[in-house]
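Each chain, written out:
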Amino acid sequence: MKRANIIWLIIVPLALTSFVGAWGYDGHRRINYMDIDSEEFHRHFIDADYYDEYPFTKIPKKYEELISLYGEDKIRKYGIAPWAINETCERIIDLLKKNQLEEAIYNMGVVGHYIADLHMPLHTVINYNGQFSGNDGIHKRWEHRLVDEYVKKIKPVGKIETVEDPWSFSMKIVKESFKLHHLILEADTKARKLLTKEQADRLNSYDVLSFEKPYLDSLYDDTGNLLNERMGRAVMRLASLWNYCWEQAGRPKLP
Ligand SMILES: [Zn+2]
């Protein structure tokens, strides 16, 4: 077996374990606006359709250019995940080169959160909580409640991919996620018809709701495959990115 293949045997399960609860982290902050870590929160998403129309070719790769086009306030509101991923990868590469493994591994976990988040379709649109389409509350129901109730384990999907550069790799994921977000909104529209108006109004909360089972069942029937596919793909994307960092660092010996 080639050395590179052995790395996958280690890297994929590692990527998998680093995912547990990855989606649980930012959603709270985003919708609650409580306890916001203002330096961190906008690194977990990009409302790509604020910056440009699909397929987002006008979004600048250079962070400085993004800032000068939109200003600090707007980018905090609409997100910078692809640039955050790029920056974190640069840090990982640097740390690996310097053999500071502990810190490198910490940052590999951080980038894992960002990658997981970008695979969540509602992390790539302005309408991230269905607030503009009568789907208020879908973010949390899809990202947390479905995962809690139905997902027992994450199965990796896809293969290790070649990463040209982390930003372009991230934008590829953004485009892919963006194209899928309608499916979630449509499934929500259908599922909330199973509830009364008063019940549906309560979906936009953090509460586990006594009456939500038929709603969740319907949502999972229609989007369960999508949910599992996005999480599984995120694992392989993360493994791909870690591999990229490791190669860029000159393939340092791992313990
Ligand atoms: Zn979220």
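Use the structure listed above.
Student: In this structure, what is going on with helix α8 (residues 166–192)? I would like to understand it.
Tutor: Think of an α-helix as turning once every 3.6 residues; residues three or four places apart then point the same way. Here α8 is 27 residues long and its end C-alpha atoms lie 38 Å apart, about the 39 Å a rise of 1.5 Å per residue gives. Approximately 30° is the largest bend angle found in α8, and it occurs at Leu180.

Student: Explain helix α10 (residues 213–248) here, please?
Tutor: The axis of α10 is deflected most strongly, by about 65°, at Thr223. In the stretch just after α10, Gly250 is the one whose phi turns positive, near 90°.

Student: Is there a simple way to explain the nonpolar core in this structure?
Tutor: Where a protein is soluble and globular, its nonpolar side chains tend to be buried together. One finds Ile92, Ile115, Leu241, Trp242 and Cys245 to be the most contacted residues of the largest nonpolar core, which totals 57 residues. At the level of secondary structure, the elements contributing two or more residues to this core comprise α1 (3–17), α5 (81–97), α6 (101–119), α7 (138–150), α8 and α10. The greatest single-element share of this core, amounting to 15 residues, is contributed by α10. Those residues in contact with Trp242, other than ones at most four positions away along the chain, are Ile11, Ala15 and Met108.

Student: Explanation requested: the packing of α6 against α10 in the structure shown.
Tutor: Angle between the axes and distance between the axes are the two parameters that describe a pair of packed helices. Contact geometry for α6 and α10: axes closest at 9 Å, N-to-C directions at 140°. Put simply, α6 runs oblique to α10. Note that α6 runs across α10; the crossing there is right-handed. Of the residues in α10, those touching α6 at Met108, Val111, Gly112, Ile115, Ala116 and His119 are Arg230, Met231, Arg233, Ala234, Arg237, Leu238, Leu241 and Trp242.

Definitions and limits used
- Residues numbered from 1 in each chain as written.
- Predicted model: local features only at pLDDT ≥ 70, side-chain atom pairs only at ≥ 80, totals over all residues.
- Helix = DSSP H or I, 4+ residues; strand = E, 2+ residues; numbered from the N terminus.
- Expected span 1.5 Å × (residues − 1).
- Bend = angle between axes of the 7 residues up to and from the residue.
- Core = buried A, V, L, I, M, F, W, Y, C linked by C-beta atoms within 7 Å.
- Buried ≥ 20, exposed ≤ 12 C-beta atoms within 10 Å, placed from the backbone.
- Contact = placed C-beta atoms within 7 Å.
- Axes fitted to C-alpha atoms, helices over the stretch in contact; angles between N-to-C directions.
- Parallel < 35°, antiparallel > 145°, perpendicular 65-115°, else oblique.
- Left-handed = near helix turned anticlockwise from the far one by under 90°.

Read these as layout, nothing more, since geometry by itself doesn't imply function.
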